Amino acid sequence: MPALAAGFTAQVLFGALSYLLPVVLGGGPAAVRAANTEFARFGALRITIINLGLAICLLPVPSWVRVLCSGLVALGLAAFLPLIFRGIRASRRAKKNPPEPVTGNRKAQVRATKEERAAQQKQENRNSLGLAAAGVAAVLFAVAGGVALDPSATTAINASSTSAGVAATGETTRVSVEAKDMRFTPASVDVPAGNRLIIDLKNTDDEDVHDLVLADGHDSGRLAPGESTSLDVGIIGSDIDGWCSIAGHKQMGMVFTVNATGAAATRDAGDNDAADGGSADAMPGMDHDSAQSTGDDAANEGTASAASGLDFMADPGKDFSAQDAELPPAPGGTTHKEIFTVTEVEQVVAANVRQKLWLFNDTMPGPTLRGKVGDVFEITLVNDGSMGHSIDFHAGELAPDKPMRTIAPGKSLTYTFKATHSGIWMYHCATMPMSSHIANGMFGAVIIDPPELPAVDKEFVFVQSEFYLGPQGGVVDSEKVRREEPDAVVFNGFASQYDHEPLTAHVGERVRIWVLNVGPNRSSAFHIIGGQFDTVYKEGAYVLRPDNSEKGASQTLDLEAAQGGFVELEFAEAGHYPFVSHKMVDAERGAHGMVDVSK
Ligand SMILES: [Cu+2]
C-alpha cells in the first residue's frame, strides 16, 4: 500500500513538473514548446503503464504479478528523469536559435502553419493511441509472466469473494486434514486473515468415499479410500464453512470450518453465528448455503425440491407400469445364490417426479427373496455406485463385522446366512447414514415361510417406505430425513402406483398380503377399506387364526420401522377396495392403492 501511494504521488509530482519547468525556464513560446515536446515524449506509453500497472497492483493478484507490474510502474516513472534533462537542453537550444522573423504574406503563412499544426496534431493523436496500446500490452505481458511464474496462485483471484478487502500477507497456511468416520480431523483451522490457505486432504477411511466442499465454492472432488489431494483455498478474508457433500455425511457431523483470525476477519455474509453471540465452531447439522459447489448436498441445495411437483392423483403416463406386487412361491432347493449389484440410477418415483436412487439390482424395493426355514442364502454384493455401500440381512444371525462392512466403489463381498426363523425380514444398506441410504432406495424383503404355511389363491407383497425428495433428478434430502418430514410414503417404491394400476382378485378367493415396513422413520398401519383380516401373522407369530373361539378379526396390521408380517382375507363381494396405511396423512401422500375385486 505505501508503495502504491508513493507511485501516485510521484506521478502527480512529475506531471506538475512537466508543466512548471518549461514556464520557469522561459525563453518565449518556441522554447516552451521545445521543452514540452521532450517532456511529452512517449507520454501515452508511460501514463498507460503507470496507471494500469498501479491498478493491477491494487487487485488481489498473485505476488509475482504484483512484482512484475510494480517493476513496470517504476520503469515508467524513472523514464521521466532523462526527459527532464532533454527538455531543459531543448529549451536552451531554442532560446539560442530563435525562429526566423516572419516575412511575406502573413495571412497565407498563418493559414499554412495552422494546417501544418492540425496535421501534426492528428499524427500525434495517432501516435498516442499506438503508444497507449503498447502500454496495455506491456502490462498484460507482465501479468501473464507473473501467472506463468506461479500458476497455482491464480486461485487467489477466484477466492476474492472471501478475501475481499483483506490485503494479502504473502504468507501461506498449510494444514493436513484427514477424512474418516464421518469426521474431518482437525475439524477446523485458524488462518490469519490475508494468508493463503492450502488444505492437504486425505481420505483415511477404509471403504467410504468423501470430499470437502467449502461455502465459497472450493471443492476437493471425491476421494476414494486412501486417496489424497491439495485444495488451494486462496487468500482467506473471512470464516468459511465446509462439509462433505456425500448425501447425509454433513448431517452425520462431517463439517469443517476455516476460522479467519485477526482484526480484518469477518463472518461470511448470511451466517449469523457471530451476531447471535453463538459459537462459530463446527456443529453437526449446521446449515450451509451454497449454490456453486458440487456433490450430492450441493446438487440439492439452492434448487427447488422435486416435492413441489408431487400430485398423487396425477396420471403417471402411458409408459408407466406398476411394480409387480404378486408374490410367487418359494423356489425349490435349499441354497439360494444371488448377485446384488448396487447401482445409482435415476428413476420415476411418483407422477412427474424423478430421483437418483441407490438400488439393489436397479429395483425399489430390491429383489424379494423367498425360502424356507433352514435354507442358506449366498449373496454376492457388488458395489457399482460412487460411494461406499453395504448390506444387512435381518433374516440371518451372525456377527455383523465382516459381512455387513461397507465396501468402496468397485469392490464386492459375499454374505452367507442361514434362515433360522420364519418371517418377512428386512434387508438394507448399513452404511452411514443408514436413514439416507434406506430412504434413497436401499432396502428389500426376505420372506421365510413358516412351516406348514397353508396354500392360498393369491399372494401379494408390499414394502412400505418414505421419500424425502431432493431436487428433480437429485438424491435424498438428508436434512428432511433428519427432521422426519417425508414428502411421500409409498408401497413398492412408487407413490399411489396401485391406484393407477389396481391389483385384482375374485370374490371368495383367499388372499395373503405380506407387508414389510422399512421406514426408515415412520410406522405403518396396514388396512384394507371394506375388508377384515381373519389371519394375522406378525413378527414371527400368528396373532390371529381363522375360526378362533373369540370369533375375532383384525382391521389393521401395525408395523414399526423394520417390522413385517402378513394378513389374509376373502373379499365379500365385487367392488373396489382401497388399501392404505391408516396413518391418514401417509395414505394421503402415496401410501394408498386399490384392489379391484370381481366375481
Ligand atoms: Cu448404501
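Keep in mind that this is a model prediction, so the values were computed, not measured.

Definitions and cut-offs
- The numbers attached to residues start from 1 for each chain and follow its sequence in the written order.
- Two thresholds apply to this predicted model, a pLDDT of at least 70 for residue-level local features and 80 or more for giving and counting side-chain atom pairs, whereas whole-chain, interface and lining totals are computed over all residues.
- Side-chain calculation: all heavy atoms of the structure are included, whereas hydrogens and water are not.
- The nonpolar core is taken to be a set of buried Ala, Val, Leu, Ile, Met, Phe, Trp, Tyr and Cys residues, with the residues joined through side-chain atoms within 4.5 Å.
- Exposure classes here rest on a 1.4 Å probe applied to the protein chains alone. A residue is buried below 20% of its type maximum, exposed above 50%, and partly exposed in between.
- Here the bounds of each domain stem from an automatic or database domain assignment.
- Should any heavy atoms of two residues lie within 4.5 Å, those residues are considered in contact.
- Donor selection uses N, O and S atoms within 2.8 Å of the metal (3.2 Å for Na, K and Ca). Since no water is included, sites may look incomplete.
- Here the metal geometry follows the donor angles, with tetrahedral for four donors whose angles all fall between 85 and 135 degrees, square planar for four and octahedral for six when opposite donors are more than 155 degrees apart and every other angle is between 65 and 115, and irregular for all the rest.
- Secondary structure elements are defined from DSSP: runs of H or I of at least 4 residues count as helices, runs of E of at least 2 residues count as strands, and each element is numbered from the N terminus.
- One less than the number of residues in a helix, times 1.5 Å, gives the span that helix is expected to have.
- Directions drawn from the helix axis to the C-beta atoms are what define this arc.
- Strand pairing is assigned whenever DSSP identifies at least 2 bridges connecting the two strands.
- What counts as an axis is a line fitted to C-alpha atoms, over the stretch in contact for a helix, and the angles between N-to-C directions run from 0 to 180 degrees.

Undergrad: Outline the nonpolar core, listing residues and values.
TA: If you look at the biggest cluster of nonpolar residues, it comprises 57 residues, and the most contacted ones within it are Phe 184, Leu 197, Ile 199, Phe 340, Phe 360 and Phe 393. When residues of this core are assigned to domains, at least three map to each of domain 2 (162-300) and domain 3 (335-598). Leave out the neighbours within four places in its chain, and Leu 197 touches Thr 173, Val 175, Val 189, Val 191, Leu 231, Asp 232, Val 233, Gly 234, Ile 236 and Val 258. Residues Phe 320, Val 489, Leu 503 and Val 536 belong to the second largest nonpolar core, which totals 29 residues.

Undergrad: Can you explain the coordination of the copper ion? Please cite residues and give values.
TA: At the metal site, the copper ion is ligated by His 389 (ND1), Cys 429 (SG), His 437 (ND1) and Met 442 (SD), and these contacts range over 2.0 to 2.6 Å. Around the copper ion sit four donor atoms; with metal-centred angles ranging over 85 to 134 degrees, the donor geometry is tetrahedral. In the primary sequence, the donor residues of the copper ion line up as H-x39-C-x7-H-x4-M. On the criterion of sequence distance, the pair formed by His 389 in the loop between strand E12 (376-383) and strand E13 (392-393) and Cys 429 in the loop between strand E15 (423-428) and helix H10 (434-439) is long-range, its members being 40 residues apart. Cys 429 carries the same exposure label as His 389, and that label is buried.

Undergrad: Describe helix H5 (residues 80-96), and please don't skip the residues or the numbers.
TA: Along its 17 residues, H5 runs 25 Å from first to last C-alpha, staying within 8% of the 24 Å computed at 1.5 Å per residue. Burial in H5 covers these residues: Phe 80, Leu 83, Ile 84, Gly 87, Ile 88, Ala 90, Ser 91 and Ala 94. The arc that holds the buried residues of H5, viewed along the axis, is 165 degrees, so those residues lie on one side. Away from the buried face of H5 by more than 90 degrees, exposed residues Phe 85, Arg 89, Arg 92 and Lys 96 are located.

Undergrad: Let's hear about the environment of Val 585: which residues, and what values?
TA: With respect to the secondary-structure elements, Val 585 resides in helix H13 (residues 584-587). Along the primary structure Val 585 and Val 489 are separated by 96 residues, whereas in three dimensions their C-alpha atoms are 9.1 Å apart.

Undergrad: Requested: an account of the sheet that holds strand E6 (residues 228-235), with residues and values cited.
TA: What links the strands of a sheet is backbone hydrogen bonding, and the strands pair in either a parallel or an antiparallel sense. Reading across the sheet, the four strands line up as E2-E1-E4-E6 and stay open at both edges, with mixed pairing between neighbours. Across the chains shown, the open sheet's two edge strands, defined by having one partner strand only, are strand E2 (183-185) and E6. In this sheet, adjacent strand axes meet at a mean angle of 25 degrees when their direction is disregarded. In this structure, strand E1 (residues 172-180) lies alongside E2, joined through three bridges in antiparallel fashion. Bridged to Lys 180 within E2 is Arg 183.

Undergrad: Tell me about the pairing of strand E3 (residues 188-192), and name the residues and values.
TA: Taking every second residue as pointing to the same face, the buried face of E3 carries Val 189 and Val 191, while none of Ser 188, Asp 190 and Pro 192 on the other face is buried. Relative to strand E8 (residues 255-261), E3 is paired through five bridges, and the arrangement is parallel. Residue pairing in the sheet places Asp 190 in a bridge with Asn 259 of E8.

Undergrad: Just give me the short version of unusual backbone geometry, but keep the residues and values in it.
TA: For the bond from Met 432 to Pro 433, the omega torsion is -15 degrees, close enough to zero to count as cis. Along the chain, Pro 433 turns up in the loop between E15 and H10. A cis geometry characterises the amide bond from Gly 519 onward to Pro 520, with omega recorded as 15 degrees. Within the fold, Pro 520 resides in the loop between strand E20 (510-519) and strand E21 (524-528). Phi angles above zero are rare outside glycine, and Asn 361 is one such case at about 55 degrees.

Undergrad: So, the sheet that holds strand E11 (residues 369-372): which residues are in play, and what are the values?
TA: Taken in spatial order, the four strands line up as E11-E16-E15-E13 in an open sheet, and their pairing is mixed. Both outer strands of the open sheet, E11 and E13, are each paired with one neighbouring strand and no more. Judged from the six bridges that link them, E15 and strand E16 (residues 443-449) form a sheet pairing that is antiparallel. What sits directly across from Met 426, in E16, is Ala 445.

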